[in-house]
Amino acid sequence: MTITEKILALHAGKKDVTPGELINAKVDIALGNDITAPIAITEFRGVGGKKVFNRDRVVLVPDHFTPNKDILSAIQSKAVREFAVEQKLTHYYEGGDVGVEHALLPEKGIVVSGDLVIGADSHTCTYGALGAFSTGVGSTDLAAVMITGELWFKVPPTIKFVYYGKLNKWVGGKDLILYTIGDIGVDGALYKAMEFAGEAIGRLSMDGRFSVCNMAVEAGAKSGIMEPDEVTRKYLRNRAERPPRFHFSDPGAIYESTMEYDCAKIEPQVALPHLPENTKNVTDVGNIPIDQVVIGSCTNGRIEDLKVSAKVLRKNRVAKNVRLIIIPATPSIYREAMERGYFDVFLKAGAVISPPTCGPCLGGHMGILAPGERAVSTTNRNFMGRMGDSTSEVYLANPAVAAASAVKGRLAHPDEVVKP
Amino acid sequence: MPMKMRGTVWKFGSDIDTDRIIPARHLNTSDPAELARHCMEDEDPGFAGKVKPGDIIVAGKNFGCGSSREHAPFSIKAAGVACVIAKSFARIFFRNSFNMGLPILECPDAVDSTSAGDTLDVDFSNGIIKNVTKNKVFKANPIPQFMQELVRAGGLMKWIKKRGMV
Ligand code: SF4
């Protein structure tokens, strides 16, 4: 069996499972946010739900429109808060404790290897980087799990993606996944599990691995996953709140197909509007002037992302008439970036530093685009109108490319800004 | 929910994402009337004003890709759309639709041979789609037994309630 099948079988109380099989499985962690949880709470109450199945395992993170951007979103957040208080939830975060959910849960050790996680948010697939099965669902699914602690799943077939060789300079997890989506398309892994493997994955930090699994859904996948290793174990040490369970794919595991990539061929990538599959090498996009740059989100708002941004921005200044918005993904990343002196670099460069929030990633607040404006963003979606007006454009890239583009006022390669 | 429907077709292309079905700027509410008013706003600004109860959406591949927001199938349902037929659906949208009782069918051939404004007869129970305008009949991909059960129960929450799990 693959690692995915093993985790699903274990949670369904079965010896084995095969792709296509419908199972009912126990859920370790169920997540909701300020957009999806209010609907789940209404449905929970609507069928007469009184108590969540386990107050340690239902996690509510109002991160999308917070700090509340308007009255309606304040009403949604209030509903989440009242429910969290009523149910005495252990994991409810707001104010100075809240961060972008998919950065916050692993950081706090709420998700561990071997878990089965569902979240009413499509990027729940991020936690696959820890060797957990995690997948995005809807609010009704979340309501069902809050009551029963279980949910129905169709066991997905797995496609294996193997990355050979060494990463080129300025290339990170974001580029591997953009390159892959560019290759297989936005429905290239529809309904499937993507298992990421190979020496290049092994050499990625946890931050880089989260970026890869985060965007599995952008290829249509149900989940992304990586086998745990020493890097995973080290990350979990002193933070896992439950004992992790390490699973590995059997040597004879059956994959629907296997894709292989030579990392020597992968340069920093850019996904052009309006689909993540429209990828090109940054050096091949030509002269595209920009109005805004966003560095943050559950894809690239972690400390390693801010570190490389600071490296590019040091002694540089954001181009005239370009707004650079930097959003550390969690309060502890925020503090660490401050203590390491990155804020000084960012402020000198002319950046705005936002509190942790999803904010502009989904066109919520903190940097909405006007008609015709163009942004380079380290987020995961460049759909039409995603960050503002429907005639605005989003170009997806890694943090180094985003920072270099802010300095140049157009899409740029980091080498254009950082002299070796 | 009714298993048989007849309606007029609205046709859309491939990879219609959840931001186009209902943009995030309207996600600060879950009020059905409000969500219906903005359904497909960035794709076809006139859609919400013109769509009639019982109409059918026909679309290309990967319909509903992107966010997990249930507001997407919900806004379609609230706009009065009876059924969505596509070449394929993104998986969370697929799941959400069954969980909330919005009938959806996958049928690439029917999509290719159907134009905007055609009249379709759809029988959800056996997946038979008849294009009345063009006088052609198609069969959609079969729906797994369990999902039919969900639909018969009236969605996931009612299914749970029926099984006494609350
Ligand atoms: S940062 Fe963006 S993609 Fe991630 S959870 Fe928030 S809105 Fe979704």
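Source: prediction; values computed, not measured.

1. Quick word on the overall build of chain A
Of the regular secondary structure elements, chain A holds 14 helices and 17 strands. When its C-alpha atoms are laid out on the principal axes, chain A stretches across 55 × 50 × 40 Å. Across the 420 residues of chain A, 64% fall into the buried class. Excluding contacts between residues fewer than 6 apart, the proportion of contacts in chain A whose partners are at least 24 apart in sequence is 76%. In the form shown here, chain A has an accessible surface area of approximately 14300 Å², with 52% of it arising from carbon and sulfur atoms. Of note, chain A has its 48 positive side-chain charges centred 4 Å away from the centre of its 48 negative side-chain charges.

2. Description of the packing of helix α4 (residues 71–78) of chain B against helix α5 (residues 91–100) of chain B
All names here are of chain B. Between α4 and α5, the shortest axis-to-axis distance is 9 Å and the interhelical angle comes to 50°. By the criterion of interaxial angle, the relationship of α4 to α5 is oblique. The two elements α4 and α5 meet at a crossing, and its hand is right-handed. The segment α4 lies against α5, with Ala 72, Pro 73, Phe 74, Ile 76 and Lys 77 engaging Phe 93, Asn 96, Ser 97 and Met 100. Within the contact of α4 with α5, the residues separate by chemical class into six nonpolar, two polar and one charged.

3. Looking at the packing of aromatic side chains
Applying the stated criterion across every chain yields a total of 20 aromatic pairs over all chains. Seen from their ring centres, Phe 44 of chain A and Phe 83 of chain A are 5.3 Å apart, and the 80° between their planes marks the pair as edge-to-face. Here Phe 83 of chain A lies in helix α3 (residues 71–86) and Phe 44 of chain A lies in helix α2 (residues 37–46), a separation of 39 residues in the sequence. With a relative accessible area of 0%, Phe 44 of chain A lands in the buried category. Pairing Trp 10 of chain B with Phe 47 of chain B gives two aromatic rings, centres 4.9 Å apart and planes at 80°, and the pair type is edge-to-face. Here the residue Trp 10 of chain B occupies a position in strand β1 (residues 4–11), and Phe 47 of chain B occupies one in helix α3 (residues 47–50), the gap between them amounting to 37 residues.

4. What to know about the site of the ligand
All names here are of chain A. All residues adjacent to the ligand are His 64, Val 100, His 102, Asp 121, His 123, Ser 297, Cys 298, Cys 358, Cys 361, Leu 362, Asn 380 and Arg 386. Of the residues that constitute the shell around the ligand, the class distribution is five nonpolar, five polar and two charged. Residues from two domains meet in the shell around the ligand; each of domain 1 (8–261) and domain 2 (269–416) gives at least three.

5. Remarks on the domain arrangement of chain A
All names here are of chain A. Domain assignment breaks chain A into domain 1 (8–261) and domain 2 (269–416). The centre of domain 1, based on its C-alpha atoms, is set 24 Å off from the matching centre of domain 2. Counting residues at the interface gives 38 residues for domain 1 and 41 residues for domain 2. Taken together, both faces of the contact between domain 1 and domain 2 bury some 3100 Å²; the carbon and sulfur share is 60%. Looking only at domain 1, the three residues that lose the most surface to domain 2 are Val 100, Trp 170 and Lys 174, adding up to 23% of its buried area. Applying the counting rule to domain 1 against domain 2 returns two salt bridges. A salt bridge links Glu 218 to Arg 381, with the nearest nitrogen and oxygen atoms 2.5 Å apart. There are 28 residue pairs in polar contact (both at pLDDT 80 or more) connecting domain 1 and domain 2. Ranked by the residues each element gives to the side of domain 1 that touches domain 2, the list is headed by helix α6 (residues 173–184), at six residues. Considered class by class, the residues forming the side of domain 1 that touches domain 2 number 15 nonpolar, 14 polar and nine charged.

6. Some thoughts on helix α1 (residues 3–12) of chain A
Residue and element names in this part refer to chain A. For α1, a buried count of seven out of ten residues is recorded, marking the element as mostly surrounded by other parts of the structure. The elements touched by buried residues of α1 are β1 (22–26), β4 (116–119), β5 (133–136), β7 (158–164), β8 (193–197) and β9 (223–225). Note on α1: the residue one or two positions beyond its end, Gly 13, has a positive phi of about 65°.

7. With respect to the side chain of Asp 34 of chain A
Residue and element names in this part refer to chain A. Residue position: Asp 34 is located in the loop between β2 (29–33) and α2. Although Asp 34 lies buried, it forms no salt bridge, and the closest oppositely charged side chain, Lys 69, sits 9.6 Å away as judged by the N-O distance. In this structure the side chain of Asp 34 is engaged in a polar contact, spanning 3.2 Å, whose partner is the backbone nitrogen of Asp 63. Within polar-contact distance, the side chain of Asp 34 engages the backbone nitrogen of His 64 at 2.9 Å. Other than its neighbours up to four places away in sequence, Asp 34 contacts Val 61, Pro 62, Asp 63, His 64, Phe 65, Thr 66, Gln 76, Ser 77 and Val 80.

Cut-offs and rules
Residues numbered from 1 in each chain as written. Chains lettered and ligands numbered in written order. Predicted model: local features only at pLDDT ≥ 70, side-chain atom pairs only at ≥ 80, totals over all residues. Heavy atoms only, no water. Helix = DSSP H or I, 4+ residues; strand = E, 2+ residues; numbered from the N terminus. Buried < 20%, exposed > 50% of the residue type's maximum accessible area, 1.4 Å probe, protein only. Contact = heavy atoms within 4.5 Å. Areas by Shrake-Rupley, 256 points an atom, 1.4 Å probe, with all protein chains shown as cover. Lys, Arg positive; Asp, Glu negative; His and termini not counted. Charge placed at Lys NZ, Arg CZ, Asp CG, Glu CD. Axes fitted to C-alpha atoms, helices over the stretch in contact; angles between N-to-C directions. Parallel < 35°, antiparallel > 145°, perpendicular 65-115°, else oblique. Left-handed = near helix turned anticlockwise from the far one by under 90°. Nonpolar A, V, L, I, M, F, W, Y, C, P; charged D, E, K, R; others polar. Phe/Tyr/Trp six-rings, centres within 6.5 Å; stacked < 30°, edge-to-face > 60°. Near = heavy atom within 4 Å. Domains from an automatic or database assignment. Buried area = accessible area lost by both parts, 1.4 Å probe. Salt bridge = Lys/Arg side-chain N within 4 Å of Asp/Glu carboxyl O. Polar contact = N/O pair within 3.5 Å; in protein donor to acceptor, adjacent residues only side chain to side chain.

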